[in-house]
Amino acid sequence: MTTTTHRPTLELRGITKRFGHVTALDDVHLQARPGEILALLGDNGAGKSTLVKVMSGLYAPDEGEIRLAGDPRRFATPAQARSAGIATVHQDLALVECLDVATNLFLGRFPRRGLFVDRARMERETEEFLRSLDVTVSSVRTEIGMLSGGQRQIVAIARALKTGADTVLLDEPTAALGVRETAQAADLIRRLRDQGKAVIVVSHDMQLVFDTADRVQVMRLGRVAGVRTVAETDRDEVVALITGSRRDT
């Protein structure tokens, strides 16, 4: 694992988000850099999910600034975030189980020949795209409901990347996976980094974090408790930041 010093692809400056009298995020800073995996950690209620929703355009921050490649941006909708190059894979994956792999990859963006969907092109481009990610499925005509949990996760990530995103947000990508499928998902996450993507992984899985991430950012009670390079920390320190027995000042 290597940590890049390039300008951040995505940067948050002083992000604050309130819901009535509750402050869910308080002056949060974050940098996601090209060719790097940033793990976002924290206990339940730490603010991770709210932060992902801000980055993906579901929530607008009350204060602070979002920057992409150094330029200030505001997103009113998730579609605007996607168009700006931020792809988000939520924990529920949002795949349509009764449709096949190719159709799921092109939902909302079907190639057409005249008035009709160009099915042959869609299948061909799906096969080529999955091959570029070193991903194999038995057939792109296989219904999502027939795939394993790991295969579904990979298809969801592939669909997000089909937009050409520079930044990929993965919310608990291995939460429902077994050991073998977790290893496959970890390999794909590393390949995203190797392709120069800025990857943010929200996870409770310490093994995944220390096997894949370059940096970790710990959230606690809506604030940043600490940021560490994986090479310069260990599980005990990260757990201490999560629980509050240690924090940066």
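Description of the structure in this document.

Basis of the calculations
Residues numbered from 1 in each chain as written. Predicted model: local features only at pLDDT ≥ 70, side-chain atom pairs only at ≥ 80, totals over all residues. Heavy atoms only, no water. Helix = DSSP H or I, 4+ residues; strand = E, 2+ residues; numbered from the N terminus. Rg over C-alpha atoms; globule rule 2.2 N^0.38 Å. Buried < 20%, exposed > 50% of the residue type's maximum accessible area, 1.4 Å probe, protein only. Contact = heavy atoms within 4.5 Å. Areas by Shrake-Rupley, 256 points an atom, 1.4 Å probe, with all protein chains shown as cover. Lys, Arg positive; Asp, Glu negative; His and termini not counted. Charge placed at Lys NZ, Arg CZ, Asp CG, Glu CD. Polar contact = N/O pair within 3.5 Å; in protein donor to acceptor, adjacent residues only side chain to side chain. Salt bridge = Lys/Arg side-chain N within 4 Å of Asp/Glu carboxyl O. Pairing = 2+ DSSP bridges. Right-handed = clockwise from strand over helix to strand, strands pointing away. Core = buried A, V, L, I, M, F, W, Y, C linked by side-chain atoms within 4.5 Å.

Let us look at the overall build of the protein. The helix and strand inventory of the protein stands at eight helices and 12 strands. Relative to the globule expectation of 18 Å for 249 residues, the C-alpha radius of gyration of the protein, 18 Å, shows essentially globular dimensions. In the protein, which comprises 249 residues, the proportion classed as buried is 51%. Across the protein, every contact between residues at least 6 apart in sequence was considered, and the portion connecting residues at least 24 apart equals 66%. Summing over all exposed atoms, the protein offers an accessible surface of approximately 12,100 Å²; the carbon and sulfur share of this is 48%. For the protein, the distance from the average site of its 34 positive side-chain charges to the average site of its 33 negative ones is 4 Å.

Where helix 8 (residues 235-243) is concerned, the buried positions are Glu-237, Val-238, Ala-240, Leu-241 and Ile-242. Looking at the packing, one finds that the buried side of helix 8 touches strand 3 (36-41), helix 7 (206-212), strand 11 (215-220) and strand 12 (223-229). Measuring from the backbone nitrogen of Asp-236 back to the side-chain oxygen at the start of helix 8 gives 3.2 Å, which picks out Asp-234 as the cap. Of the residues one or two after helix 8, Gly-244 is the one with positive phi, at around 95°.

Its identity as a non-glycine residue notwithstanding, Asp-27 has a phi of 55°, on the positive side. Considering the arrangement of structural elements, one finds Asp-27 in strand 2 (residues 22-32). With a phi angle near 55°, Leu-221 is a residue other than glycine that sits in the positive phi range.

Per the stated rule, a full pass over the model turns up 16 salt bridges. A salt bridge links Arg-141 to Glu-123; the shortest N-O distance between them is 2.9 Å. Residue Arg-141 is found in the loop between helix 4 (119-132) and helix 5 (149-161), and its partner Glu-123 is found in helix 4; the two are separated by 18 residues along the sequence. Look at Glu-123 and you get buried, because its relative accessible area is 11%. Each of Asp-100, Arg-119, Glu-123 and Arg-141 takes part in one network of salt bridges that share partners.

Let us now look at the pairing of strand 9 (residues 167-171). Among the five residues that make up strand 9, five are buried, leaving the element largely enclosed by the rest of the structure. Burial along strand 9 is two-sided: Thr-167, Leu-169 and Asp-171 facing one way and Val-168 and Leu-170 facing the other are all buried. Pairing geometry for strand 6 (residues 86-89) and strand 9, over four bridges, is parallel. Bridged to Thr-88 within strand 9 is Leu-169. For strand 9 and strand 10 (residues 198-202), the ladder comprises five bridges, and the chain directions are parallel. Bridge assignment links Val-168 to a residue of strand 10, and that residue is Val-199. Each parallel crossover has a hand, and the one from strand 9 via helix 6 (residues 179-194) to strand 10 is right-handed.

Soluble globular proteins: nonpolar side chains tend toward being buried together. Membership of the largest hydrophobic core comes to 47 residues, with the highest contact counts inside it found for Leu-41, Leu-105, Leu-170 and Val-238. Tallying contributions element by element places helix 5 first for this core, with seven residues. Once you skip the residues sitting within four places of it in the chain, Leu-170 turns out to touch Val-89, Ile-157, Ile-189, Val-199, Ile-200, Val-201 and Val-202.

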